[in-house]
Amino acid sequence: MGKQARDDFTEPVKRKIAERVNFHCSVCDAPTLGPKTGTTDERFSVGKAAHIKAAAKNGPRYDEHQTPAERKAIENGIWACATCADIIDRDPDAYSVADLLRLKADAEWVAKIRAGKPPGSELSALSDPTAIKRAVDLFCSRESARHERIDPRFKVGVRMGESGPTYEVTAKETVEAQIVVTTADRERNVQALRDFFNYGGNLLLDGADLRMEGSPLFRTDGVAATRWQFSSNPRPLTMTVVLAEDSGAPLFIELDGSGTQGNKGFRLQGKACGGMLTATLTADYSGGLTDFTIGIDTLQWASKPVNRLPHFSRLQQIVERLAVPIQARILYTHGELESEFGTGRFDGSELFRPLRALFGEIAAIRRLDEFFNLKVALPADITDVMLRQCDMTWLLDLINLATSGEMEVNFYATSGQATPLKTILAAPPEAMTFVHHVDLEIYGRSYGPFDVEVSCPAVGIHVVGPADIEAGATVELAMRAVEGHHWTPRLIARTPERTMV
Ligand SMILES: [Zn+2]
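Let us now look at the overall build of the chain. Across its full length, the chain holds 12 helices and 22 strands. Relative to a compact globule of 501 residues, whose C-alpha radius of gyration would be 23 Å, the chain shows 40 Å and is clearly more extended. In terms of overall dimensions, the chain has a C-alpha envelope of 140 × 60 × 50 Å along the principal axes. Counting over 501 residues, the chain shows a buried share of 39%. Here the analysis covers contacts within the chain between residues at least 6 apart in sequence; of these, 61% occur between residues at least 24 apart. A total accessible area of about 29300 Å² is found for the chain, and carbon and sulfur atoms account for 51% of it. Of the side chains in the chain, 57 bear a positive and 67 a negative charge, and the two mean positions are spaced by 11 Å.

With that settled, consider the coordination of the zinc ion. All of the protein donors around the zinc ion are Cys25 (SG), Cys28 (SG), Cys81 (SG) and Cys84 (SG); their distances to the metal are 2.2 to 2.4 Å. Geometry at the zinc ion is tetrahedral, judged from its four donor atoms and the angles of 102 to 117 degrees they form at the metal. Looking at cysteine 25, the relative accessible area reads 0%, which means it is buried. Owing to a relative accessible area of 2%, cysteine 84 belongs among the buried residues under this scheme.

With that settled, the discussion passes to helix α6 (residues 186-199). An α-helical turn contains 3.6 residues, so a residue and the one three or four places further along point in the same direction. In this model, α6 (14 residues) spans 20 Å end to end at C-alpha, consistent with the 20 Å of a helix rising 1.5 Å per residue. Among the residues of α6, Asn189, Val190, Leu193, Phe196, Asn198 and Tyr199 are the ones counted as buried. Looking at the residues trailing α6, positive phi occurs at glycine 200, about 75 degrees.

In this section: the packing of helix α4 (residues 97-114) against helix α5 (residues 129-150). One way to put it is that α4 packs onto α5 with a least axis distance of 11 Å and a crossing angle of 120 degrees. Where α4 crosses over α5, the handedness of that crossing is left-handed. The segment α4 lies against α5, with Ala105, Asp106, Ala107, Trp109 and Val110 engaging Ala131, Arg134, Ala135, Leu138 and Arg142. Tallied by class, residues from the contact of α4 with α5 come to seven nonpolar, no polar and three charged.

Within this structure, the stated rule accounts for 22 salt bridges. Residues lysine 53 and aspartate 63 are paired through a salt bridge, measuring 2.9 Å at the closest nitrogen-oxygen approach. Highlighted residues: lysine 53 in the loop between β3 (47-51) and α2 (68-71) and aspartate 63 in the loop between β3 and α2, separated in sequence by 10 residues. Using a relative accessible area of 23% as the deciding quantity, one classes lysine 53 as partly exposed. Between arginine 367 and glutamate 370 there is a salt bridge whose closest N-O contact spans 2.8 Å. Of this pair, arginine 367 and glutamate 370 both sit in helix α8 (residues 349-372), three residues apart, which is roughly one turn of the helix. Each member of the salt-bridge network shares a partner with another, and the members are Asp29, Arg114 and Arg142.

Attention now goes to the sheet that holds strand β14 (residues 277-284). Taken in spatial order, the seven strands line up as β15-β14-β13-β12-β11-β16-β17 in an open sheet, and their pairing is antiparallel. Only two strands of the sheet have a single partner each, and these edge strands are β15 (289-296) and β17 (337-346). For this sheet, the mean inter-axis angle between neighbouring strands, taken without regard to orientation, is 25 degrees. Note: strand β12 (residues 251-261) against strand β13 (residues 265-272), six bridges, orientation antiparallel. Its bridge partner lying in β13, serine 258 is registered against glutamine 269. Running over the sheet, helix α7 (residues 312-322) touches β11 (235-244), β12, β14, β15, β16 (326-334) and β17 and is turned about 85 degrees from β12.

All right, on to the nonpolar core then. If you look at the biggest cluster of nonpolar residues, it comprises 78 residues, and the most contacted ones within it are Leu277, Trp301, Leu368, Phe372, Leu440 and Trp487. By residue number, the principal contributor to this core is α8, which donates 10 residues. When residues of this core are sorted by domain, at least three fall in each of domain 3 (235-363) and domain 4 (403-492). Setting aside anything within four residues of it in sequence, one finds leucine 440 in contact with Leu368, Phe372, Leu374, Met392, Leu395, Arg445, Ser446, Tyr447 and Phe450. Judged by nonpolar contacts, the second largest core, of 19 residues, contains Phe154, Val156, Leu217 and Trp228.

Time to look at the domain arrangement of the chain. When the domains of the chain are assigned, the result is domain 1 (11-117), domain 2 (126-232), domain 3 (235-363) and domain 4 (403-492). Just the C-alpha atoms count here: the centres of domain 1 and domain 2 sit 30 Å apart. Between domain 1 and domain 2, the contact holds 15 residues from the first and seven residues from the second. Where domain 1 abuts domain 2, roughly 990 Å² becomes buried across the two surfaces, and 61% of that area is made up of carbon and sulfur atoms. Summed over the three residues of domain 1 that lose the most area to domain 2, namely Cys28, Asp106 and Trp109, the buried surface amounts to 48% of that side.

Examined against the element boundaries, alanine 272 turns out to sit in strand β13. For alanine 272, a relative accessible area of 12% corresponds to the buried category. Along the primary structure alanine 272 and threonine 166 are separated by 106 residues, whereas in three dimensions their C-alpha atoms are 31 Å apart. Residues in contact with alanine 272, not counting those within four places in the same chain, are Glu254, Leu255 and Leu277.

To continue, consider the side chain of glutamate 143. Considering the arrangement of structural elements, one finds glutamate 143 in helix α5. Of the residues examined, glutamate 143 reaches a relative accessible area of 10% and is grouped as buried. A polar atom in the side chain of glutamate 143 sits 2.8 Å from the side chain of arginine 146.

Attention now goes to the environment of leucine 401. Considering the arrangement of structural elements, one finds leucine 401 in helix α11 (residues 401-404). Under the relative-accessibility criterion, leucine 401 is labelled buried at 5%. Taking the C-alpha atoms as reference, leucine 401 lies 81 Å from leucine 103; in sequence the two are 298 residues apart. With residues up to four places along the chain from it excluded, the contact list for leucine 401 reads Glu406, Val409, Val454, Trp487 and Pro489.

What counts and what doesn't
- Residues numbered from 1 in each chain as written.
- Predicted model: local features only at pLDDT ≥ 70, side-chain atom pairs only at ≥ 80, totals over all residues.
- Heavy atoms only, no water.
- Helix = DSSP H or I, 4+ residues; strand = E, 2+ residues; numbered from the N terminus.
- Rg over C-alpha atoms; globule rule 2.2 N^0.38 Å.
- Buried < 20%, exposed > 50% of the residue type's maximum accessible area, 1.4 Å probe, protein only.
- Contact = heavy atoms within 4.5 Å.
- Areas by Shrake-Rupley, 256 points an atom, 1.4 Å probe, with all protein chains shown as cover.
- Lys, Arg positive; Asp, Glu negative; His and termini not counted.
- Charge placed at Lys NZ, Arg CZ, Asp CG, Glu CD.
- Donors = N, O, S within 2.8 Å, 3.2 Å for Na, K, Ca; no water.
- Tetrahedral: all angles 85-135°; square planar, octahedral: opposite > 155°, others 65-115°.
- Expected span 1.5 Å × (residues − 1).
- Axes fitted to C-alpha atoms, helices over the stretch in contact; angles between N-to-C directions.
- Left-handed = near helix turned anticlockwise from the far one by under 90°.
- Nonpolar A, V, L, I, M, F, W, Y, C, P; charged D, E, K, R; others polar.
- Salt bridge = Lys/Arg side-chain N within 4 Å of Asp/Glu carboxyl O.
- Pairing = 2+ DSSP bridges.
- Core = buried A, V, L, I, M, F, W, Y, C linked by side-chain atoms within 4.5 Å.
- Domains from an automatic or database assignment.
- Buried area = accessible area lost by both parts, 1.4 Å probe.
- Polar contact = N/O pair within 3.5 Å; in protein donor to acceptor, adjacent residues only side chain to side chain.

Written as structure tokens, this is what we have:
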């Protein structure tokens, strides 16, 4: 078999192809010409004119419909550095005809905007947003190609962010690499990295704090960046925590989140109630649960009106359950697949008991706010809620009389003679009304005065104690609503003080 016919480019054609991109590689932008070492009048070239559609049968992207003239034409050539040209010629699937035509057009476009301008000024000379975008996209794809050539074991994605390019380096195969933590906060960073490799997740570290070893790629200007973000592929999932009480229906908490895996185990993280409730579960593959935490962040309530706190009732319900050690069952759903993680005793009382007190206090303020229409806002610092507690138990008991089921209102009486008290006790039930004057101070602000009228259509008087009624002794008495009736508190318009004439 004879030598196959090749439609090679002539020297003038090659030269023109190169000149149209100013002798830069059309793929990676590397300059391809320089002075030959040890000479004063010769040049050294690492550039090649590669065929977009092959010069000969069986070559990459060969097009049998092309005429020999078309095959040898400037339009069928792309200028590239030796390395990029080798990939174009020897790896037929690396680039399609369309890819190469686009690379060529981009390279010629760049040569055009650069011509006659000092280096680096071409971007600022671009006034048209489309042109700027094209230049940026080109920069990113060239940076990506340039880096992938440095270490082909990695895929390098380059994106232009607000503060410069971001390089996303993904290993295509298993790559041995070392991370050397270099700076002062060593202990903490090492712990964070260990934790990341053990259980996966997302970790952001300052580039000044560490050095990556294992690939020349890690040392390029682009990749050895100001910050390193490590992330293992998180899988979206739903975590369900079931809090079971001996008595009463179990409480279901559904959290949306993700699961990650590391060398040692996995971690599930989820959020609910607009992010105010978070849960993290860490477990080893060997089966042991190493950590399960639930957190509630009340910070977003700061300065908010107490009657408009997002998720208050739901969170209070959860806090109530968690304030005592409780049986917890954990399930998670990934896609269609539901798995049960396990059941265990959750004891978060150290965290949730103070939180229960906080919720109780806020609930009390909410009730007062509702009854008196106060429009109270929480303090800017949530810890102030507990520091500036208002002990309003008696008032809450009073305004809750209608719903609490409490039948009695107690009071003390002292009489000079035992007989009048006995007479009162013997009287048949009758309607009663009394009025409380109330002044309130909440978080440093005064409210009121208010008048609260408490009434009941049928009330009998009973002795609470002591049983023996003696003249001059104080007796605690109860005004008890007769069966079928109850006390009703209501806020009444304040009447001006009446002056006795
Ligand atoms: Zn190149």
